[in-house]
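Residue-level structural notes
Take a look at the letters that make up each chain.
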Amino acid sequence: MRGVRLTVLVLLSAACGGSEGTGATTVDPAPTGADGVGDLSTSDLTIGPLPAELADWAPYANRHIDVFGVHVVAFPRVSKRALIHGAGVLAQYLDNDADGTADDKRVVRAMTDERAILVMPYDEEDLESSGILESGLEEEYGAQPLFDVETAPSGGFDGALEEVHHLVFDYGWALVHPDRLGPEGLSDLTTAMDLARGGHFEQVPGTYPADAWYHYDDRTCEYDCMATEYFYWSHTTILGAQGSSDRCADIAEEWEPCTPERLADVDSLVTALLRDPDLALPTVLPDGGYRPRS
């Protein structure tokens, strides 16, 4: 089973923003389709206690939302607002046309097979002090952290767009389309990334070539991690998440083509890849307000 270590991912998560009350609500779980995967028949992402299959998370998390069979768990300090928002972003990445059914059930099935789980502590300190990093639990799941404080903060960038995107990419899109989106070896994605970085670099180079437009410099991030980040930057740029003047300036040190037009001009390979209808990737930027059409 492919495992992503929370100890690594926490270093890549940016903290910002605030929170609100943490009341839990117990409700009946949303039903799934006849094959157990892919259908969500209610407009409400319902919050409930941890299901029996997640009993090993009980020392750390106290609430849960099921999104097409993919689990979201929240630590006690996490607000109801942040939990619902994080689950809503996940639902919108999986059901981007909001018809109540996952756009590609193969993606959901891959995620459930890998036991993909969105783990929501309040902040980095909450994660580290919980003891979960020493428990070894992350080895049993495809875990991705999303902090309450970075989830749709007032006046700040919504970190859920990135962290949830990583979860769906690592355990869904990349596994369903390894030749196209695989983050390791030779794929359409890594071919485009090598061009964007100005060469094939297994590790972060001392200096990126002057003509590179993607120059991520976190030395804890290895080649597959670089590809995951590149896919996030490219995809959310096409979706319109990165294009405000302030945002472009904030991210320029790492990512230059912050608008769809600029990306198409400098990176035709990844633009064509992301717009390939055969991949059935999201075309609408999530806002966390998942409301399936009736």
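Below, the structure is looked at part by part. Note that the structure is a prediction, hence the values are computed from the model and not measured. (Residues numbered from 1 in each chain as written. Predicted model: local features only at pLDDT ≥ 70, side-chain atom pairs only at ≥ 80, totals over all residues. Heavy atoms only, no water.)

Now for the overall build of the protein. Looking only at helices and strands, the protein has 12 helices and 4 strands in total. Expressed as a percentage of its 294 residues, the buried residues of the protein come to 55%. Considering only contacts within the protein whose residues lie at least 6 apart along the sequence, 64% involve residues at least 24 apart. For the protein, the accessible surface area stands at approximately 12200 Å², while carbon and sulfur atoms represent 49% of it. (Helix = DSSP H or I, 4+ residues; strand = E, 2+ residues; numbered from the N terminus. Buried < 20%, exposed > 50% of the residue type's maximum accessible area, 1.4 Å probe, protein only. Contact = heavy atoms within 4.5 Å. Areas by Shrake-Rupley, 256 points an atom, 1.4 Å probe, with all protein chains shown as cover.)

Another point: the state of the cysteines. Inspection of the entire model under this criterion finds 2 disulfides. Across a sulfur-sulfur distance of 1.9 Å, cysteine 248 and cysteine 258 are joined as a disulfide pair. When the S-S torsion is 95 degrees, as for the bridge of cysteine 248 with cysteine 258, the disulfide is right-handed. Of this pair, cysteine 248 sits in helix α10 (residues 245-251) while cysteine 258 sits in the loop between α10 and α11 (260-266), and the two are 10 residues apart along the sequence. Here the two residues cysteine 248 and cysteine 258 agree in accessibility, since each one is buried. When the bonded cysteines of the protein are numbered from the N-terminus onward, they pair as 1-2, 3-4. (Disulfide = S-S within 2.5 Å.)

Moving on: the packing of aromatic side chains. For the structure shown, the criterion picks out 12 aromatic pairs. With 4.7 Å between their ring centres and 25 degrees between their planes, phenylalanine 169 and phenylalanine 231 make a pair best called stacked. Here phenylalanine 169, found in helix α6 (residues 160-176), pairs with phenylalanine 231, found in helix α9 (residues 223-238); they are 62 residues apart in sequence, far enough to count as distant. Residue classification places phenylalanine 169 among the buried residues on the basis of a relative accessible area of 0%. With a relative accessible area of 0%, phenylalanine 231 lands in the buried category. Linked through ring pairs, Tyr214, Tyr216, Tyr230, Tyr232, Trp233 and Trp255 together constitute an aromatic cluster. The lysine or arginine in question, arginine 115, covers the ring of tyrosine 141, its NZ or CZ lying 4.1 Å from the ring centre. Above the plane of the ring of phenylalanine 157 lies arginine 247, whose end atom (NZ or CZ) is 3.6 Å from the centre. (Phe/Tyr/Trp six-rings, centres within 6.5 Å; stacked < 30°, edge-to-face > 60°. Lys NZ or Arg CZ within 6 Å of the ring centre and 35° of its normal.)

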